[in-house]
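Structural features, examined
What follows is each chain in one-letter form.
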Amino acid sequence: MDATVSPGVVRVALDVPLRQLFDYAPTADSVPAPGMRVRVPFGRRSLVGVVLETAPASELPPQRLRCVAAVLDAAPVLDAATLDLLRWAADYYHHPIGEVLAAALPAALRAGQPALEPPRLWRTTAAGLEALAAGEPRRAPAQRALLQLLGDGLTEAQLAAQRPGWREAARQLSARGWAQRVHAPEPAPPPPQPAPAPSREQAAAVAEIAGALGRFGAFVLHGHTGSGKTEVYLRVIERALARGEGALVLVPEIGLTPQVLARFQARLAAPLAVLHSGLTPAARHAAWRRAASGEARIVLGTRSAVFTPLPRLGVIIVDEEHDASYKQQEGGFHYSARDLALVRAQRAGLPVVLGSATPCLDTLHNVALQRYRRIRLPRRPSQPEPPRIALVDLRAHATKIGLSTPVLQAMERHLHADGQVLVYLNRRGYAPTLLCTACGWTAPCRDCDARLTVHQGRRELHCHHCGAVSALPSACPTCGFPVRPVGQGTERIEESLQQIFPAYPLVRIDRDAVRGRGELQAAIERVNAGAARILVGTQMITKGHDFQNMTLVAVLNADQGLFSADFRAAERLAQTIVQVAGRAGRGTRAGEVLIQTEYPGHPLLQQLIREGYDGFAAGALAEREQARWPPFSRLAVLRASALTAQDPHEFLLQARERAGRPRGLTLLGPAPAAMPRRAARHHAQLLIESRSRAALHGFLGQWLPQLAQLPAARAVRWALDVDPIELF
Ligand code: ADP
Ligand code: ZN
Ligand code: ZN
């Protein structure tokens with residue numbers, strides 16, 4: 001037998017919801033290698049897929065084995081390490097491999113576009129400049145406008161963003177010799193800026209982490225905002241670059257500000273690629289290409305950047321590792337980029353750094369088990385003392401539209417003394433309820449088990465769960481009496497504070513007041529320049545933004561987190577309080593933090609105030625252990641939804657029956673979701689819990705493939721969430 005005979009079949013992952021690879025016969029002239037894309041016939045469609053394996057023969061009968069239509073790549077677009085990570089993820093999250101691959105590839109590559117072609121630039125030719133000067137082209141305004149725009153060159157991505165429909169005009173200009181398409185050279189990075197001398201603690205942290213370059217090690221860099229964590233990342237990356245290795249830096253969804261980017265670019269003498277969800281498909285493809293080709297040595301990106309192929313990757317950094325945006329909650333493939341970063345580091349044999357002022361409890365548990373090594377960064381000497389945190393008992397003090405007397409008095413004091421005040425409330429809109437005081441009617445969402453939020457400025461009612469918008473009624477639709485908003489959102493707090501403190505300019509930061517990165521940036525700058533003295537905001541202000549001069553922070557409602565059905569709510573509350581409180585303090589003056597609550601005696605709040613985040617974490621972990629919640633158990637949730645309440649319940653019931661009585665596992669449910677009706681669909685869930693990860697995954701692996709065949713499966717949408725971070 002000839003051992004060098006080419007494989008008879010390639011196994012292809014396709015973006016279809018089936019848990020299998022598909023066999024195809026290679027074309028006569030080329031056998032694609034794993035990681036290359038192919039175009040294949042699938043039913044009556046033609047799909048782009050990725051070859052994962054080659055094999056000598058297929059189990060399909062020869063007449064059913066179809067042929068690869070085209071091989072799209074000359075070299076793999078996904079390297080072996082990335083393929084390995086994706087296969088691991090498909091396995092662990094029990095998700096079809098084709099859909100997992102689709103999450104990792106830029107849309108342009110999924111559509112079959114050339115992978116490694118550098119971006120094209122369009123520019124005006126000398127003849128084009130002459131034509132322009134002569135007033136040409138006279139009767140083609142679109143061509144003339146494009147010719148004027150092109151100048152020294154614009155990439156196709158820039159053209160697509162600025163001038164929809166540019167392609168036709170460009171084609172005509174090119175035919176007349178007035179414009180041409182060329183390869184775009186990438187700008188060389190500027191020489192790096194000098195770094196501050198590291199503190200003793202920073203130097204020790206860098207030495208320890210960099211000492212692990214070349215092998216796996218998990219480090220938790222635990223230090224307050226401003227303690228110098230980013231300085232440590234930068235120095236570790238420099239050490240990796242010096243070894244000829246690159247770095248992958250993950251940041252939360254809204255933590256990637258122009259300042260962060262500028263700081264990395266200014267300090268590191270290596271080309272950098274940025275990947276986040278706000279990019280156009282073309283820009284995303286270009287950044288991905290630069291990373292995958294090895295041209296960019298550093299990737300700075302949000303969640304899905306964890307899947308970027310990077311030749312000679314040396315270190316992975318996950319900043320603000322506790323941030324919920326690392327968990328993909330939408331669609332069917334629910335993954336944690338933080339956890340996958342650890343897996344990637346482990347499998348590739350490199351160090352990973354998890355940075356946070358408030359590491360998540362699972363991370364701290366791994367520190368306690370000595371799986372991760374914690375490195376603490378103390379406050380830098382130039383930083384202010386930690387703020388004083390005090391609780392304001394809402395039952396004992398009068399409130400004026402959600403603002404208690406002690407908070408208003410403290411605000412007055414700080415504003416008079418030239419301080420800045422941050423008011424935090426995690427509820428946007430004007431008021432969470434529109435109420436008729438005559439008959440008790442409250443404006444409901446038609447499609448959700450939820451009330452509509454009043455947005456006064458826009459004269460609208462919004463549903464914060466399904467996005468429905470309607471006009472704000474002036475009278476009760478059932479009895480005709482006037483209606484009024486009840487409760488407070490940030491918009492109303494803004495209005496009240498403007499009335500109470502008219503002399504102090506105010507800025508509001510939430511999803512309604514600030515749209516897009518540019519506006520957020522402008523708002524942050526107004527605060528930091530001192531043009532605004534009061535900042536009112538939601539969760540949006542807690543992430544990665546450096547407000548330097550806040551002297552007072554007021555948390556208006558801490559109680560949403562204390563009594564939630566979700567076992568992680570208290571952890572999120574504590575993280576938010578610590579993160580927001582970290583904004584208080586100026587120069588060497590300590591700041592002040594006031595937290596309004598109706599439960600000042602709550603043990604977790606007390607622990608947080610008295611012993612800080614570590615004390616809170618110890619208490620909360622002890623509670624989790626008693627209740628057998630993660631990290632002391634492993635969870636997966638099977639969620640289902642349909643237009644009736646009956647269908648998801650029936651599906652989950654059948655799924656539960658199919659499970660039988662698996663050993664070492666507890667199945668809870670089916671139960672309606674915390675908000676059973678959302679966006680016109682009824683939601684229910686089945687919780688699967690186990691002490692043992694192996695038992696859980698062994699069970700999921702044999703149970704899940706059977707679910708699509710259940711009689712009720714066709715009536716529902718369903719998805720599995722392994723390691724859920726929210727139970728709803
Ligand atoms: P973190 O990432 O923990 O929030 P940073 O690394 O951003 O902290 O540091 C906060 C600020 O302190 C930055 O302006 C940074 O340049 C500065 N800084 C950090 N370390 C030092 C140091 N050793 N000497 C002087 N300035 C420093
Ligand atoms: Zn009424
Ligand atoms: Zn709704």
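Given the structure is predicted, the values throughout are model-derived calculations rather than measurements.

Parameters and conventions
Residues numbered from 1 in each chain as written. Chains lettered and ligands numbered in written order. Predicted model: local features only at pLDDT ≥ 70, side-chain atom pairs only at ≥ 80, totals over all residues. Heavy atoms only, no water. Donors = N, O, S within 2.8 Å, 3.2 Å for Na, K, Ca; no water. Tetrahedral: all angles 85-135°; square planar, octahedral: opposite > 155°, others 65-115°. Pairing = 2+ DSSP bridges. Helix = DSSP H or I, 4+ residues; strand = E, 2+ residues; numbered from the N terminus. Axes fitted to C-alpha atoms, helices over the stretch in contact; angles between N-to-C directions. Buried < 20%, exposed > 50% of the residue type's maximum accessible area, 1.4 Å probe, protein only. Near = heavy atom within 4 Å. Polar contact = N/O pair within 3.5 Å; in protein donor to acceptor, adjacent residues only side chain to side chain. Nonpolar A, V, L, I, M, F, W, Y, C, P; charged D, E, K, R; others polar.

Quick word on the coordination of the zinc ion (ligand 2)
- Around the zinc ion (ligand 2), the donor atoms from the protein are Cys436 (SG), Cys439 (SG), Cys476 (SG) and Cys479 (SG), and they sit 2.2 to 2.3 Å away.
- One way to put it: the 4 donor atoms around the zinc ion (ligand 2) meet at angles of 101 to 118°, and that makes the site tetrahedral.
- Taken in chain order, the donor set of the zinc ion (ligand 2) reads C-x2-C-x36-C-x2-C.

Concerning the sheet that holds strand 23 (residues 469–471)
- Pairing in this open sheet of 3 strands is antiparallel, and the strands run 21-22-23 from one edge to the other. At either margin of the open sheet sits one strand with a lone partner, and together these are strand 21 (453–455) and strand 23. Going across the sheet, the axis of each strand differs from the next one's by a mean of 30°, ignoring polarity.
- In the sheet, strand 22 (residues 460–462) pairs with strand 23 via 3 bridges, with the strands oriented antiparallel. Residue pairing across strands places His462 opposite Val469, the latter belonging to strand 23.

A few points about unusual backbone geometry
- Glu136 connects to Pro137 through a cis peptide bond whose omega is -20°.
- Positionally, Pro137 belongs in the loop between helix 4 (126–133) and helix 5 (141–150).
- Put simply, Gly669 and Pro670 share a cis peptide bond, and its omega is 5°.
- The backbone phi angle of His94 is positive, close to 50°, even though this residue is not glycine.
- Turning to its location among the elements, His94 is positioned in the loop between helix 1 (80–92) and helix 2 (97–104).
- Residues other than glycine seldom take positive phi values, yet Asp723 does so here, at roughly 55°.
- Overall, the relative accessible area of 17% leaves Asp723 in the buried class.

Describing the coordination of the zinc ion (ligand 3)
- Looking at the zinc ion (ligand 3), the protein donor atoms are Cys445 (SG), Cys448 (SG), Cys463 (SG) and Cys466 (SG), and they sit 2.2 to 2.4 Å from it.
- Seen from the zinc ion (ligand 3), its 4 donor atoms lie at angles of 104 to 115°, and the figure they make is tetrahedral.
- We note that the donor set of the zinc ion (ligand 3) lies within a single chain, spaced as C-x2-C-x14-C-x2-C. Note that Cys448 is positioned in the loop between strand 20 (433–436) and strand 21 and Cys463 in the loop between strand 22 and strand 23, a separation of 15 residues in sequence.

Here we look at the site of ligand 1
- Within the structure, ligand 1 sits among 15 residues, and Gln202, Gly226, Thr230, Arg263 and Arg380 are positioned closest to it.
- Side-chain polar atom of Arg263 to an oxygen atom of ligand 1: 2.7 Å apart, as the coordinates give it.
- The element best represented in the shell around ligand 1 is helix 9 (residues 229–242), accounting for 3 residues.
- By residue class, the composition of the shell around ligand 1 is 3 nonpolar, 8 polar and 4 charged.

On their own, these measurements won't tell you what the molecule is for.
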